[in-house]
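Residue-level structural notes
Next come the chains, spelled out residue by residue.
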Amino acid sequence: MKEQTPLDPKNLLDFEKPVAELYKKVEALKKTAKTGDIDMGGELAAMEDRISKLKKDIFSTLTPNQIVSIARHPRRPTTLDYINLIFHDFVELHGDRCYGDDKAIIGGFAKLEDTHCMVMGHQKGKNTKENIERNFGSAHPEGYRKALRLMKMAEKFNRPIITFVDTMGAYPGLGAEERGQAEAIARNLRDMMQLSVPVIVIITGEGGSGGALGIAVGNRVLMLEYSIYSVISPEGCASILFRDAKRSAEAAENLKLTAKDHLKLGIIDEIVKEPSGGAHNDYRATAENIKASFLKHLEELKKLSPSDLLKDRYDKFRKMGQFEES
Amino acid sequence: MPLSEWFSKKKPKISGEYKAEKLDVPGSLWVKCYKCKETIYSKDLEKNLKVCPKCSYHFKLSGKERIAMLLDEASFSPYDISMRSKDFLNFFDTAKYEQRIRDYEAKTSLLDAVVTGEGTIKGKHVVVCAMDFSFMGGSMGSVVGEKITRAVEKAIGLKVPVIICSTSGGARMQESIMSLMQMAKTSGALAKLAEAKLPYISLLSDPTTGGVSASFAMLGDINIAEPGALIGFAGPRVIEQTIRQKLPPGFQRAEYLVDHGMVDFVVERSKLKDTLVKCLDWFGF
């Protein structure tokens, strides 16, 4: 695990630039202070102040489209990062016992403090090579079938299940269709509804449609502050509705895909705060927030009987939907 | 060709395989078959269950036509007839969602993309849901999700089998995340139906894709497809764009899905009712 430097200049988002500029100035000041042996403590503190204020200003007024770009940030922590920072004794398990091992969804045994859990999630890569290996986090049916196999094992041995969601969607490919992408996701939706152990889901990056939902039927559904969850990508939506993928910013507004929107609509239970500057600037602090949230929800869910867990999960999704009736 | 047309932009033709079917103009006397181009007298077509007498191309059926075709005469009593969609997100694309709903209501005289209710098939009591592609491409929003869920819950109460006839492009974008959640909701209801040991027969007709195929449509104890129906998760065009290669002939068509183990069999419309009765009989109903 590499420590994160503030605002990696290689992957700077547009709206992060003013902050990066200030960081540069701080560096310059430090240099002058060192070479000239001048005490610049006061100036530096003022600059740090300015930076944190600016970050706060920028991050409190992000547009949905800017949030999309944070959710997709190439340096955004991945499921494996979170597993390493939140859990211990992780043992990765492989394969769906039908066809293969999908590297776009990983999972296995892990301990959350003293609790044995089954953890799993979509796995994106950090560079092109990794992304090709992980198919950019877009799973084939094997991935969903492996996830379900692990969930059923967790149920058998009475271990809670924790899933991390971060995918642009299930892979739309020839092999995926032939091997039943639709069936694999559908089965997960149905069978996850019947798991008699606690299921906690967190959307950490992109929650892309059915490919996300395929491992996201939980008693608790959490979202990181700058993650997104949507029935279609803003680009896909724009190209269908406006016949122009470039109008994705507009589509992002329309789709109401942010954590705040979903909390308001009753789709999620909690927003897990990200450190100022977003998860990609501080893996550790993000992981700590997630861990605290997991522990809290797990404590609550542990008190429920298996039948209450089933009822809790069914009722949660049962009431979703808005319509008129006379 | 007149000279002026030389300069007009022509839309690239989509290969015949995936050509979207235009809706029938009601009241027209003659219909042209989309597949063999034969001109058919519309009354003959209707008598033949909307199957082309020459090439046996299966035209799309409306939800009401499907129910009339499957159920015993006058046995149907519908559920939730007043439920209609609501624009709770203020969704606006080229038109307001609110306006789109009203336009489709006027055009189709339906309130949404599914008709649900109970009735009998050769005396066997069943709950039936029939989707309607003519209402916003059969897309699933809150209304479709809720009506199907309620119908399944009704069946559990009545202890009768469920038959869902799907035809849909997938989730309804205008209801965004809420339409995605309908996938989990309907699948959850089917889990309860299975727990009650009641049969669910899924009939997949042309087309069944996206969020509908990735939820209730693929979850039948038996999945039955109509001949030639396009069935899949992603649409063929999206797949072609993603993998940048031509798709094999017949890809994602009903017969292809039988070959790949995704549906139990393909059945012609004329034999559908008898087949359903046989299956229901085997299930003990």
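Let us look at the structure shown here.

Cut-off values and rules
- Residues numbered from 1 in each chain as written.
- Chains lettered and ligands numbered in written order.
- Predicted model: local features only at pLDDT ≥ 70, side-chain atom pairs only at ≥ 80, totals over all residues.
- Heavy atoms only, no water.
- Helix = DSSP H or I, 4+ residues; strand = E, 2+ residues; numbered from the N terminus.
- Rg over C-alpha atoms; globule rule 2.2 N^0.38 Å.
- Buried < 20%, exposed > 50% of the residue type's maximum accessible area, 1.4 Å probe, protein only.
- Contact = heavy atoms within 4.5 Å.
- Areas by Shrake-Rupley, 256 points an atom, 1.4 Å probe, with all protein chains shown as cover.
- Lys, Arg positive; Asp, Glu negative; His and termini not counted.
- Charge placed at Lys NZ, Arg CZ, Asp CG, Glu CD.
- Pairing = 2+ DSSP bridges.
- Axes fitted to C-alpha atoms, helices over the stretch in contact; angles between N-to-C directions.
- Parallel < 35°, antiparallel > 145°, perpendicular 65-115°, else oblique.
- Nonpolar A, V, L, I, M, F, W, Y, C, P; charged D, E, K, R; others polar.
- Patch = residues over 30% accessible without salt bridge, like charges linked within 9 Å, V, L, I, M, F, W, Y side chains within 5 Å.
- Salt bridge = Lys/Arg side-chain N within 4 Å of Asp/Glu carboxyl O.
- 1 Å grid on protein atoms, 1.4 Å probe; cavity = no way out; pocket = protein on both sides within 12 Å on 5 of 7 lines; lining within 4 Å.
- Points joined across faces, edges and corners; volume = space filled by probe spheres on them.
- Phe/Tyr/Trp six-rings, centres within 6.5 Å; stacked < 30°, edge-to-face > 60°.
- Lys NZ or Arg CZ within 6 Å of the ring centre and 35° of its normal.
- Buried area = accessible area lost by both parts, 1.4 Å probe.
- Polar contact = N/O pair within 3.5 Å; in protein donor to acceptor, adjacent residues only side chain to side chain.

Tallying secondary structure elements over chain B gives nine helices and ten strands in all. Relative to its length of 285 residues, chain B is compact, with a C-alpha radius of gyration of 19 Å against a globular reference of 19 Å. By principal-axis analysis of the C-alpha atoms, chain B measures approximately 70 × 45 × 40 Å. Here chain B, with 285 residues, has 54% of them falling under the buried criterion. For chain B, contacts bridging at least 24 residues in sequence account for 66% of all contacts bridging at least 6.

Attention now moves to the overall build of chain A. Helix and strand counts for chain A come out as 14 helices and nine strands. Here chain A has a C-alpha radius of gyration of 21 Å; the compact-globule value for 326 residues is 20 Å, and the two agree. For chain A, the C-alpha atoms occupy an extent of roughly 70 × 50 × 45 Å along the three principal directions. Per-residue burial over chain A gives 57% buried out of 326 residues. The contacts of chain A with a sequence gap of at least 6 include a subset with a gap of at least 24, amounting to 72%. Accessible surface, chain A: about 14200 Å² in total, of which carbon and sulfur atoms supply 52%. Here chain A contributes 49 positively and 48 negatively charged side chains, and the mean placements of these two sets differ by 2 Å.

This paragraph deals with unusual backbone geometry. For the bond from aspartate 206 of chain B to proline 207 of chain B, the omega torsion is -15°, close enough to zero to count as cis. Within the secondary structure layout, proline 207 of chain B lies in strand 8 (residues 200–208). Positive phi, close to 55°, is recorded for aspartate 37 of chain A, a residue that is not glycine. If you trace the backbone, aspartate 37 of chain A turns up in the loop between helix 1 (17–36) and helix 2 (41–60). You will see that serine 209 of chain A, though not glycine, has its phi angle at about 55°, which is positive.

Moving on: the sheet that holds strand 9 (residues 222–225) of chain B. Residues and elements named next belong to chain B. A sheet is described by the order of its strands in space; here seven strands give the open sequence 3-5-6-7-8-9-10, paired in mixed fashion. Each edge of the open sheet is held by one strand with a lone partner, namely strand 3 (77–78) and strand 10 (265–266). Strand direction decides the pairing type here: strand 9 and strand 10, joined by two bridges, are parallel. Bridge pairing in strand 10 links isoleucine 224 to phenylalanine 265. In the packing of helix 9 (residues 269–283) onto the sheet, contacts are made with strand 5 (114–121), strand 6 (124–131), strand 7 (162–168), strand 8, strand 9 and strand 10, and the angle to strand 8 comes to roughly 150°.

Before going further, it helps to spend a moment on the packing of helix 2 (residues 63–70) of chain B against helix 9 of chain B. Residues and elements named next belong to chain B. Interhelical geometry of helix 2 versus helix 9 gives an angle of 60° and a closest axis separation of 10 Å. Classified by the angle between their axes, helix 2 and helix 9 sit oblique to one another. Contact residues: helix 2 offers Arg66, Met69 and Leu70, while helix 9 offers Arg269, Leu272, Lys273 and Leu276. Class assignment of the residues belonging to the contact of helix 2 with helix 9 gives a composition of four nonpolar, no polar and three charged.

So, on to a nonpolar patch on the surface. Residue and element names in this part refer to chain A. Together, Ile132, Phe136 and Met168 give the surface a local cluster of nonpolar side chains, amounting to about 320 Å² of exposed area. Here methionine 168 lies in the loop between strand 4 (161–167) and helix 7 (174–178). The partly exposed category is assigned to methionine 168, whose relative accessible area is 48%.

This next bit is on empty space enclosed by the protein. Here the structure, examined in full by the defined rule, presents three cavities of 30 Å³ or more. In this structure, the largest cavity occupies an estimated 110 Å³ of space. Lining the largest cavity we find 17 residues, and of these Glu177 of chain A together with Ile231, Gly232, Leu257 and Met262 of chain B sit closest to its centre. Secondary-structure elements contributing two or more residues to the lining of the largest cavity are helix 7 and helix 8 (181–192) of chain A together with helix 8 (254–259) of chain B.

If you walk through the whole model with that rule in mind, you get 13 aromatic pairs over all chains. Judged by centre distance (5.4 Å) and plane angle (80°), the ring pair of phenylalanine 251 of chain B and tyrosine 256 of chain B falls under edge-to-face. Considered together, phenylalanine 251 of chain B and tyrosine 256 of chain B belong to a single accessibility category, that of buried residues. Put simply, the rings of Tyr82, Phe87, Phe164 and Phe294 of chain A touch in pairs and so form one group of aromatic residues. Just above the ring of phenylalanine 242 of chain A sits the side chain of arginine 247 of chain A; from NZ or CZ to the centre is 4.0 Å. The residue whose ring lies beneath lysine 192 of chain B is tyrosine 314 of chain A, and the NZ or CZ to ring-centre distance is 4.0 Å.

On to the interface of chain B and chain A, then. Contact residues are listed per partner, giving 59 residues for chain B and 47 residues for chain A. Carbon and sulfur atoms make up 68% of the surface buried where chain B meets chain A, a total of about 4800 Å² over both sides. When the area that chain B buries against chain A is broken down by residue, the three leading residues are Met173, Ile177 and Phe233 of chain B, summing to 14%. Close ionic contact of glutamate 153 of chain B with arginine 318 of chain A constitutes a salt bridge, the shortest N to O distance being 2.8 Å. The interface formed by chain B and chain A contains 19 residue pairs in polar contact (both at pLDDT 80 or more). Looking at the side of chain B that touches chain A, the elements that each hand over two or more residues are strand 4 (84–85), helix 4 (142–158), helix 5 (176–195) and helix 7 (236–243) of chain B. With 16 residues, the single largest contributor to the side of chain B that touches chain A is helix 5 of chain B. For the side of chain B that touches chain A, the residue count by class is 29 nonpolar, 18 polar and twelve charged. As paired strands, strand 9 (residues 323–324) of chain A and strand 4 of chain B are joined by two bridges and run antiparallel to one another.

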